[in-house]
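# Geometric and topological summary
Below are the chains, spelled out letter by letter.
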Amino acid sequence: MMDIEILKEGVFDEADDSEKNPEKEYKNAVSTKDLSVYFNKRAAIDKISLKIKKNTVTAIIGPSGCGKSTFLRSLNLMHDLVPKARVFGEIFIHNEDINNFNAVDIRKKVGMVFQKPNPFPTMSIYDNVVAGLKLNGYHKKSELDEIAEKNLKYSGLWEEVKDRLKTPAVSLSGGQQQRLCIARTIAVKPEIILMDEPSSALDPISTSKIEELIYHFREYYTIIIVTHNMQQAARVSDQTAFLYLGKLIEFSKTRRMFTNPKEKLTEEYVTGKFG
Amino acid sequence: MTTSSILKNPSNLRRRKITNSVMLMLCILAAIITILPLLYIFFYTTQSGVSSLNIDFFTQLPKPVGEEGGGMANAIAGSAILIGIGAMIGIPVGILSGIYISEYSKSFISTIVKFITDVLSGVPSIIVGIFAYGIIVIPMQRFSALAGGFALGILMIPTITKITEEMLKLVPQSLREASLALGVSRWKTTLKIVLKTASSGIVTGVLLAIARAAGETAPLLFTSFGNSFWQTSIDEPMAALPLQIFAYAISPYDDWHRQAWAGAFVLIFLVFVVNLIVRIVTRNKFSGNL
Amino acid sequence: MDALDSGKEIKSKKKAGDIIFENITLLFALILVGLVVFIAIEMFLDSSQSRSKFGFGFIFSQNWDPVKEEFGALTFIYGTIVSSLLALLISLPVSIGVAVFLSEIIHKSLRTSISFLIEILAAIPSIIYGFWGIFVFAPFMRSTVQPFLNTYFGFLPFFKGQIYGTGLLTASVILAIMITPIISSITRDVLKAIPVSQREAAYALGATKWEAIKMALLNARSGILGGSVLGLGRAIGETMAVTMVIGNKAQIKESLFEPAYSMASVIANEFAEASGSIHISSLIEIGLILFGVTFIINSLARVLIYSVTRKA
Ligand SMILES: Nc1ncnc2c1ncn2[C@@H]1O[C@H](COP(=O)(O)OP(=O)(O)O)[C@@H](O)[C@H]1O
Ligand SMILES: [Mg+2]
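Residues numbered from 1 in each chain as written. Chains lettered and ligands numbered in written order. Predicted model: local features only at pLDDT ≥ 70, side-chain atom pairs only at ≥ 80, totals over all residues. Heavy atoms only, no water.

### A short note on a nonpolar patch on the surface
Residue and element names in this part refer to chain B. This is how it is decided: The patches described consist of residues with a relative accessible area above 30% and no salt bridge, like charges being joined within 9 Å and nonpolar side chains (Val, Leu, Ile, Met, Phe, Trp, Tyr) within 5 Å. Computed with the Shrake-Rupley method and a 1.4 Å probe, the accessible areas treat only the protein chains shown as cover for residues. Here a salt bridge means any side-chain nitrogen of Lys or Arg lying within 4 Å of a carboxyl oxygen belonging to Asp or Glu. Think of it this way: any DSSP run of H or I at least four residues long counts as a helix, any run of E at least two long counts as a strand, and we number them from the N terminus. Each residue is assigned to one of three classes by its accessible area relative to the maximum for its type, calculated with a 1.4 Å probe on protein chains only: buried under 20%, partly exposed between the two thresholds, exposed over 50%.
Nonpolar side chains collect at one region of the surface, where Ile18, Val22, Leu26, Leu29 and Ile33 lie side by side and expose about 430 Å² of accessible area between them. Note on placement: Val22 falls in helix 2 (residues 13-50). Of the residues examined, Val22 reaches a relative accessible area of 42% and is grouped as partly exposed.

### A few points about the domain arrangement of chain C
Residue and element names in this part refer to chain C. Convention followed: Marked domain ranges trace back to an automatic or database domain assignment. Here, two residues are considered to be in contact whenever any of their heavy atoms come within 4.5 Å of each other. Each of two parts loses accessible area, computed with a 1.4 Å probe, when they are put together; buried area is these two losses added. A 3.5 Å cut-off defines polar contacts: any pair of N or O atoms within that distance qualifies, except that in protein one atom must be a possible hydrogen donor and the other a possible acceptor, and neighbouring residues in sequence count only when both atoms are side-chain atoms.
For chain C, the domain assignment lists domain 1 (2-46) and domain 2 (74-309). Each of domain 1 and domain 2 has a C-alpha centre, and the two are 37 Å apart. Opposite the six residues of domain 1 that make contact, domain 2 presents six residues. Where domain 1 abuts domain 2, roughly 540 Å² becomes buried across the two surfaces, and 84% of that area is made up of carbon and sulfur atoms. Taken as a group, Val36, Met43 and Asp46 account for 75% of the area that domain 1 buries against domain 2, more than any other trio of residues on that side. Inspection of the domain 1/domain 2 interface yields zero salt bridges. Here domain 1 is connected to domain 2 by one residue pair in polar contact (both at pLDDT 80 or more).

### Concerning unusual backbone geometry
If you check the backbone angles, His94 of chain A has positive phi at about 50° while not being a glycine. Following the sequence through the fold, His94 of chain A ends up in the loop between strand 4 (85-93) and strand 5 (96-97). For His94 of chain A, a relative accessible area of 12% gives the class buried. The backbone of Phe225 of chain B shows a phi angle near 75°, a positive value even though the residue is not glycine. Within the secondary structure, Phe225 of chain B sits in the loop between helix 10 (199-215) and helix 11 (241-249).

### Focus on the interface of chain B and chain A
At the interface, 21 residues of chain B touch 28 residues of chain A. Counting the surface lost from both chain B and chain A, the interface buries some 2,100 Å², and carbon and sulfur atoms represent 65% of this. Of all residues in chain B, Glu177, Ala181 and Leu182 of chain B give up the largest surface area on contact with chain A, accounting jointly for 29% of the area buried on that side. Counting across the interface, chain B meets chain A through one salt bridge. Glu177 of chain B is the partner of Arg73 of chain A in a salt bridge, and the nearest nitrogen-oxygen pair spans 2.6 Å. Along the contact surface separating chain B from chain A lie three residue pairs in polar contact (both at pLDDT 80 or more). Secondary structure elements with two or more residues in the side of chain B that touches chain A: helix 8 (173-181) and helix 9 (186-197) of chain B. A total of eight residues in the side of chain B that touches chain A trace back to one element, the largest contributor, which is helix 8 of chain B.

Structure, rendered in structure tokens:
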């Protein structure tokens, strides 16, 4: 279904410029220190500190309302939109303090895929893929065509839509829409991709396609995925963070988390005793 | 009011049932007597106006008193010009203030703006006419299309502001987030995603404001003033369809009455079509899987 | 736990474009607010001549004599108040009936088209109501309604005397037609805001349909009051339709058949032709009063309406 060869050859050179610039070599793609988010006066996440290595997949699990989305959205400064939200602590993106960037630059580096597919309804499939570029003033037709094709191939959608690129994006099925949103996200060449329950609104077949994408993407991106599905976490991730009531309870290798967790609470959660 | 107090006398079932039927009948009657004048106005205007609605009506100038025939070409053109001037004021102020209320709704100022918008929509149009008179007619020392258009522009603002606000609020937050997450700045997101998604709704709001302005008479009485001649420069008095209808309606001539009915028919037709468009567009909006 | 204990706050820098854009929209929003303030100031200043010459007596004087330059607004205030209140009195029960009809009685499939027709009623320009009033409605009042009232209710002072067709009563009925769509649509909105559970509880206790509706109406009463006040404000400011049917005679008479004059009408009729500056100034003072009254009434209406629909 997917053209893995193209993926391997990769036009993802930018994401991999560490070889060209050895001094920019970094191991941690994301690290947080005492990261807290408050809505009004209530803490939704409380002093979360963790380090995420480059080119790994990190799953974030925990019962509903424990702060998974809140944590994820603080990494691309999405709380800007919510007036009552305040974020405290430190975030480093590739070892650089997030305060050194503005939100627009951060979001170009740190892409996001949402729970519910949200293609732009006024735009065609094609325009959705290149939306991030066009909206930022990039209009070279020939290159946009190439970028659209490339990214639709990476997201495994090309064969299904290549004959109807100009049709409205909302005419696609839910699973296709979500892959379109992934294509749109990678078209702006992020280095880190945040995914907030990207397949929870999808059928099993679409879900497995998304998981397959994540599996291949780890070569080029650092991925952080929120999921409430423990099997999914086990299938796709290298390490897993377990949040409970806004606190980070455990953060370790996924295999270990599901076989031999350090914390009692984690064990109860992954074995389905609550949640 | 508690439920039980209504039923304090539940034994009297028969009387309660009769009351029920009578009251429901009265409600139906209320609806009928509300619709009746509408239908009456509609048919009467059509019947009295259509016969004078010929090519002359749209192409000829008014004839002097006593002569039959002529038309309202200058008044129709005048209305178009006045509305054009009004739109240049009403559309930018309406849309941008609507954006402010909807997109920056956290602020205290936006609550005030929202409230004032509602209040402004209730300010009598003749007051706006007095305002335009003081601001434009007095300094220019003559009635002018500019003053009339200015008044119409002010009257268009609250309608456009409100519809813009409502339409923008219908745009799902997820689209704003999608755009921002791509590294698009907030203002570009607002203009190119949010406003664009809501554009058809906002266009209908503008149409609605225009249809209303087209029928406004009172604020033009002492701003645009009216004119029997062909006149297109905006610093001179200018004819307008409703002004012409008014002048003809209170005249003693049957032929003028017929022409006034024709003008009234044009206005009603405009109102009907615009409202129909608004209905269709706003109903089909944002259904589906957004 | 206090948020401020939690260390350094992360706040992203705003980009210049965003700051500029927000401030542009703010500027236009402030223009909107400024307009209303400006209207008030302008009318206040332009009426200074009249205000200093007549003082508060302006409101209580019936004198309106452009030749002697004696001006007082009482007859116009009277005409405006009576015609608007009467319009509200006629319109309110009908509006509630229409709202109930549309939200409770009529089948869904017809609802949209009927409510569309009623919306159109609100959108018809007032000049057309006035025109129709002169040629159709006033003659109908003269030939049918007023003789009927005179015959059966003639013992009341309101329905006595000469019948002209045009006059206070006719203006009130036309105003009532014009404000019914406004009041009924607000009533519908507030009825929608009343939770269904209350209704169901009433039915569960064996209430008839009307009893359940009555309870909802009573619960929505402050919103309905808000709608009424809004309609009243519209009636007070209505100009063309009233000007064309009220008779335009500055007098205060008991009989509702008599012609009268309203604040908006006298401005409409005399402003363009007013010669003396004191005459214009007096007309602007009437405008100022009209503005003040409609401003207060509309504010009140909005507060009442928000109080119901916000809760929902
Ligand atoms: N915009 C918001 N305003 C107020 N509270 C919020 C908001 N978003 C999230 N919360 C609160 O923060 C907590 C964590 O929410 P969230 O991060 O969405 O949980 P999860 O994604 O793990 O289900 C919840 O208690 C939720 O009520
Ligand atoms: Mg979540």
